[in-house]
Amino acid sequence: METVSFILFSFLGALVMVGSIGTVWSRNPVTSALFLVLNFFALGGIYLLLEAQFIAVVQVIVYAGAIMVLFLFTIMLLNLDDEQALKEKFDLQKGFGILLGGVLLVEVLYILGLKINLPQKSTTLTPVEIGEAKNIGRELITNFLFPFEIVSILLLLAVVGAIVLAKKNFSPNT
Amino acid sequence: MKPLALLVPDALTATAVPVQAENSWVKAFESLEVFGVPVGIFAIPAIPLVFIALYALYVGVYGERKVSAFMQDRIGPNETGKWGLLQTIADILKLIQKEDIVPIAADKPLFVLGPLIIFVGAFAAYAVLPFSSEFIGADLNVGVFYAVSIVSVEAVGILMCGWGSNNKWSLFGAVRSVAQVVSYEIPASIAILVGVMMAGSLSMQKIVMSQSGELGILHYAVFQSPVAWIAMIIYFIAALAECNRAPFDIPEAESELVSGYFTEYGGMKFAMIFLAEYASMFMTSVILSVLFLGGWNSPLPNIGGVALNDWTSGPVWGAFWIILKGFFFVIVMMWVRWTFPRFRVDQLMYLCWKVLTPIALLIFVFAAVWELYVR
């Protein structure tokens, strides 16, 4: 069983890497977005290897399904065929990207280099049981109630914001 | 022997002895090896695949042609073989022989991959369909949720087809189709949640088991709560939309878009898209029967000494019942297709966001209260 999961992990890991490299490298925005779908999907497979079935399914439905479809939609509707048009506009974003990437790199190096202690297991449940919808739901409603509610308010704000933006130039009589 | 009047309330309050799903056929397959090669692992997915092929040939294509012929006062295919039974075989032979055309202006990788992804998305959901108490591809503890999520991958495939074809009709069809599929996922998921709440599990086999009992049809979830039937109807409507079936077939609307996102496809690629449509029709029908109509449980009740339920339960009977229920809803989908005219795009979105979603949310809350305090 060990070898099977190792083979699966290598395969999925390779897919994740192909996906992320393809996302950055491809010239065509649509191909780029499709590589990102591949990346998310393979990541869902890795969650499945960790026996987190619920998270894996959420990964597929939320990222590979809904969000990426909206991405593709936007790209197709805006007709962003050449990336040249985008190049000059977003210098600030590029700087910000470098900053965030640097922070992430430092974090990864910190964890790898200093080998800091990972938090100890504080539960008696097996990995499969942790991944079950029932246990995740119970934790969300008891121990993590506050963050859970905050996130739901954040999402509600996003929905309201989208409606406000969509209705800004809208009058029913025209 | 009790009088009948006493017998019925007694039996209703008695806790049903749940049938245990052992998945023993799957386990037998898993341990099957020929010369050290684990053949069984490949046989498990092969069984639903063969089933889809046979079902699409006879219930899907042939059945649809006969149903439409009946509804339009025609005869339908009757030349090839007895009653036209060989017609679909002839069609397949024709499709296989066709030249595999890829338009010059098409984005070749996307054009070729698109139909595959659509079919894989529809077929992957068969992994969690309980074909019997002893046969289910994988009894995941998130079964229903998995089925809902893997189907959303189909939308990516549809976009790939539409974009890759480099054709205005195709792109319009794909954009319409994806907008429809993504929107209708919301009422469908809420309706599914109502069923899941009543069973208290996301696992397909556990949902079915929670509806078994000696009174047969009376134990089905649809009769366990005053709003379950509304959830069932909402799921059925949303399923029609997700399969791009009429009256929600605006993605392929022949009179406006030639044939939508698969305008440029011919031969086996077209057959693949077609097969995926029939596969997802049966898949949604089975999910509906599992959630609300007892899955592989027999609908017949035990009446005193006439133990109809016991006589018609068991692994083989289970397969018979669930396939029968699935086919029933597939036929209803065809009936709907040949009865109702097509929606307009704005009517479609109106129905989803202003009718189905609010009703689904209301009955969701009602069902939750009912489950907590009444049942």
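Refer to the structure above for everything that follows.
Below is a summary of the structure that appears in this document. Throughout, a residue's number is its position along its own chain's written sequence, starting from 1. Chain letters and ligand numbers both follow the written order, the letters beginning at A and the numbers at 1. A pLDDT threshold of at least 70 governs which residues receive local features in this predicted model, and a stricter bar of 80 or more applies before side-chain atom pairs are shown or counted, although totals over entire chains, interfaces and linings include all residues. With hydrogens and water excluded, all non-hydrogen atoms of the structure serve as input to the side-chain values.

Remarks on the overall build of chain B
Step number 1: For chain B, the helix and strand inventory stands at 15 helices and 4 strands.
Step number 2: Partly exposed residues are those whose accessible area sits between 20% and 50% of the maximum for their type, while under 20% is buried and over 50% is exposed, using a 1.4 Å probe and protein chains only. Per-residue burial for chain B yields a buried fraction of 52% across its 375 residues.
Step number 3: In what follows, residue pairs with any heavy atoms lying within 4.5 Å of each other are defined as contacts. Considering only contacts within chain B whose residues lie at least 6 apart along the sequence, 78% involve residues at least 24 apart. The way it works is that DSSP assigns letters per residue, a run of H or I at least four long becomes a helix, a run of E at least two long becomes a strand, and they are numbered from the N terminus.

Some remarks on the packing of aromatic side chains
All names here are of chain B.
Step number 1: Stacked, edge-to-face and tilted labels apply to pairs of Phe, Tyr and Trp rings (six-membered ring for Trp) whose centres lie within 6.5 Å, assigned for plane angles under 30 degrees, over 60, and everything in between, in that order. Scanning all chains against the criterion turns up 27 aromatic pairs over all chains.
Step number 2: When the ring of tyrosine 126 is compared with that of phenylalanine 131, the centres are 6.5 Å apart and the planes differ by 25°; the resulting orientation is stacked.
Step number 3: The buried category is assigned to tyrosine 126, whose relative accessible area is 2%.
Step number 4: Owing to a relative accessible area of 10%, phenylalanine 131 belongs among the buried residues under this scheme.
Step number 5: On the numbers, 5.2 Å between centres and 25° between planes, the contact of phenylalanine 248 with phenylalanine 343 is stacked. Placement of the pair is phenylalanine 248 in the loop between helix H10 (228-242) and helix H11 (254-257) and phenylalanine 343 in the loop between helix H14 (315-337) and helix H15 (345-374), with a sequence separation of 95 residues.
Step number 6: Note on phenylalanine 248: relative accessible area 2%, which makes it buried.
Step number 7: An aromatic cluster of three or more residues is present, and its members are Phe51, Tyr55, Phe119, Phe123, Tyr126, Phe131, Phe282 and Phe327.

What about helix H12 (residues 267-292) of chain B?
All names here are of chain B.
Step number 1: Each helix should span, by expectation, one fewer than its residue count multiplied by 1.5 Å. With 26 residues, H12 extends 38 Å from end C-alpha to end C-alpha; this agrees with the ideal 38 Å at 1.5 Å per step.
Step number 2: For H12, the tally of buried residues reaches 21 of 26 residues, placing the bulk of the element in the interior.
Step number 3: One or two steps after H12, the chain reaches glycine 294, where phi turns positive at roughly 75°.

Regarding the nonpolar core
Residues and elements named next belong to chain B.
Step number 1: By nonpolar core is meant a set of buried Ala, Val, Leu, Ile, Met, Phe, Trp, Tyr and Cys residues that side-chain atoms within 4.5 Å join together. By size, the foremost hydrophobic cluster in this structure holds 120 residues, and its most contacted members are Tyr55, Tyr126 and Tyr184.
Step number 2: Considering every element that reaches this core, the biggest residue donor is H12, with 13 residues.
Step number 3: Once you skip the residues sitting within four places of it in the chain, tyrosine 126 turns out to touch Pro48, Ile52, Phe131, Ala279, Phe282 and Met283.

Section: a nonpolar patch on the surface
All names here are of chain A.
Step number 1: Nonpolar side chains (Val, Leu, Ile, Met, Phe, Trp, Tyr) are joined into patches within 5 Å and like charges within 9 Å, using only residues with over 30% relative accessible area and no salt bridge. Where accessible areas are quoted, they stem from the Shrake-Rupley method and a 1.4 Å probe; at the residue level, only the protein chains shown are allowed to cover. Between Lys or Arg on one side and Asp or Glu on the other, a salt bridge is scored when a side-chain nitrogen of the former is within 4 Å of a carboxyl oxygen of the latter. A surface patch of nonpolar side chains, about 410 Å² in accessible area, is lined by Leu140, Ile141, Phe144, Leu145 and Phe148.
Step number 2: Listed by contribution, the elements that provide at least two residues to the nonpolar patch are helix H7 (133-141) and helix H8 (145-167).
Step number 3: The topology assignment puts isoleucine 141 in helix H7.

These figures come from the coordinates and say nothing about function on their own.
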